[in-house]
Each structure stands twice: as C-alpha cells, then as structure tokens.
Amino acid sequence: AVRVGTSDAGAVLSAAEAFLGRPGGTWSAAHVAGPVEIGARFSGTLDHPDVRAVLDAPALSVGALHDLRLTGTTTVRRDAVTVPELRAEWGDAVVAASGRAALDGARSVQGRVTAEALTIDALRAALDLTHVPVSGTLTASASVGGTLDAADVRGTLRGDSLVAYAEPLGTL
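Predicted model only: the values in this text are computed from it and were never measured.

Participant: Teacher, can you tell me more about the overall build of the chain here?
Facilitator: Looking only at helices and strands, one finds 2 helices and 11 strands in the chain. Shown N-terminal to C-terminal, the secondary structure of the chain runs as helices and strands in the order β-α-β-β-β-β-β-β-β-α-β-β-β. Counting only C-alpha atoms and orienting by the principal axes, one finds that the chain spans roughly 60 × 40 × 25 Å. A total of 172 residues make up the chain; the buried ones form 23% of that total. Across the chain, the fraction of contacts at a sequence separation of at least 24, relative to all contacts at a separation of at least 6, is 35%. Of the accessible surface of the chain, which amounts to about 10,800 Å², a share of 59% is contributed by carbon and sulfur atoms. One finds the centroid of the 14 positive side-chain charges in the chain at a distance of 7 Å from the centroid of its 19 negative side-chain charges.

As structure tokens, this is what we get:
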C-alpha cells in the first residue's frame, strides 16, 4: 500500500505543471488549495494488475468555493475502471457519482450522478455571477449507459423556490 498527501494541493499542481513544462493553469483554471491524501493498494499480477485508490480532501478551496470536501474510491483493472463512490460536499450541497467503464470488448459504460441542495446563491458566488439576480435550490440526477463510443445520457433538473429578477417562479 502507498499513501501520499500534501497540505497544499495547489502547490503540488503548480509544481507538476512546471516540472512537465506546462503553463500554469493547465490542469486547473481556478486556484486550488488545501490538503489532499491519496492511498493506493496494488495487487494482482503484471498481466492482470489491480489497483484500488482512495481519495480524501477534507477542506479544499477551488476558486471561490471554500470548505469543499472531496472523497472517493476507484478500482482500476486491465478490463475496467470502477468508481463505487465519488462524493463532493459543500455546505448543505452534496454531489455523488458512481460508475463503471469497461476497457475491453464493447467498452460498456454505466454511471449515475446526483446533486442535492445546490443553492443558486452559492453557485452564483462560486462562478462570480453575483450580479445575476436569481435564487433558489437545485436538485439534479443523471445516468449514463451504452458504450464509451456511444454513451446515452439521461437526466433531470429541478429548481425549487426559484426567483429571477424579483419575480417568484416557484418550482420548475
């Protein structure tokens, strides 16, 4: 098992970009800061490797987003990449994703993403759109199926307590 961590993810991104001769911001257009820990367990054989990785970033800042918690696990095998759970929490908002992509045969893909309690006010602040007079709460879900070459994505988006330009819109 291997564990690596840093108290400043942004410094590591910047150093990696510089080391690889990439311009600053290549991997992240927004400023990134905060601690990240990644653990990996290697097993299997050289012909059939198996890697299980765990991510924990308990207090990231990404652009105007602060106190973002990011956690996840993934398994990488020669035939597939599986993400049992990837989760981002920011205030009351939660975005969760899971899925599997086959790397051989038909290269099938299945996945799901859900987002709950995303306040438009917080999203406006994070995207530097505070001048746009819109508020409310968003909930979304999406699923993906098919293959890596021809994915089928279906989703829903719901807005509650929506107000735009001082006009109540209710639920959409």
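Next comes the rest of the account.
Participant: Looking at this structure, I do not really get the pairing of strand 1 (residues 2-6). What am I missing?
Facilitator: The two faces of a sheet get side chains in turn, since along a regular strand they alternate between them. Burial within strand 1 is sparse, with just 0 of its 5 residues counted as buried. Bridge count for strand 1 against strand 3 (residues 36-44) is 5 bridges, and the pairing is antiparallel. In the strand pairing of strand 3, Val 4 is matched with Ile 38.

Participant: Even after reading the chapter, I still don't get the nonpolar core, so can you show me in this structure?
Facilitator: Soluble globular proteins tend to bury their nonpolar side chains together. Among the nonpolar cores identified, the biggest contains 9 residues, and these are Ala 9, Val 32, Val 36, Ala 57, Leu 60, Leu 65, Leu 68, Ala 88 and Trp 90. Only strand 4 (49-62), strand 5 (65-77) and strand 6 (80-90) provide two or more residues apiece to this core. Each residue touching Ala 57, except ones within four places of it in the same chain, is listed here: Pro 35, Val 36, Leu 68, Arg 69 and Leu 70. If you look at the next biggest cluster of nonpolar residues, it comprises 6 residues, including Ala 93, Leu 118, Ile 120 and Leu 162.

Participant: What's the story with a nonpolar patch on the surface in this structure? I'm lost.
Facilitator: On the surface, Val 2, Val 4, Ile 38 and Phe 42 cluster together into a nonpolar patch covering about 360 Å² of accessible area. Listed by contribution, the elements that provide at least two residues to the nonpolar patch are strand 1 and strand 3. In this structure Ile 38 comes out as partly exposed when scored by relative accessible area, which is 37%.

Participant: What is the right way to read the pattern of salt bridges from this model?
Facilitator: Pairs can form between side chains of opposite charge once their charged atoms are near each other. On inspection of all chains with the given rule, the structure shows 9 salt bridges. A salt bridge links Arg 87 to Glu 85; the nearest nitrogen and oxygen atoms lie 4.0 Å apart. Taking relative accessible area as the criterion, Arg 87 reaches 26% and is therefore assigned partly exposed. Among the ionic contacts, a cluster of salt bridges with common partners joins Glu 85, Arg 87 and Glu 89.

Participant: Whenever I open this one, the side chain of Thr 75 confuses me. Can you help?
Facilitator: Structurally, the position occupied by Thr 75 is in strand 5. What makes Thr 75 buried here is its relative accessible area of 12%. Excluding its chain neighbours within four sequence positions, the residues that come into contact with Thr 75 are Asp 50, Val 51, Arg 52, Ala 80, Val 81 and Thr 82.

Criteria and thresholds
Residues numbered from 1 in each chain as written. Predicted model: local features only at pLDDT ≥ 70, side-chain atom pairs only at ≥ 80, totals over all residues. Heavy atoms only, no water. Helix = DSSP H or I, 4+ residues; strand = E, 2+ residues; numbered from the N terminus. Buried < 20%, exposed > 50% of the residue type's maximum accessible area, 1.4 Å probe, protein only. Contact = heavy atoms within 4.5 Å. Areas by Shrake-Rupley, 256 points an atom, 1.4 Å probe, with all protein chains shown as cover. Lys, Arg positive; Asp, Glu negative; His and termini not counted. Charge placed at Lys NZ, Arg CZ, Asp CG, Glu CD. Pairing = 2+ DSSP bridges. Core = buried A, V, L, I, M, F, W, Y, C linked by side-chain atoms within 4.5 Å. Patch = residues over 30% accessible without salt bridge, like charges linked within 9 Å, V, L, I, M, F, W, Y side chains within 5 Å. Salt bridge = Lys/Arg side-chain N within 4 Å of Asp/Glu carboxyl O.

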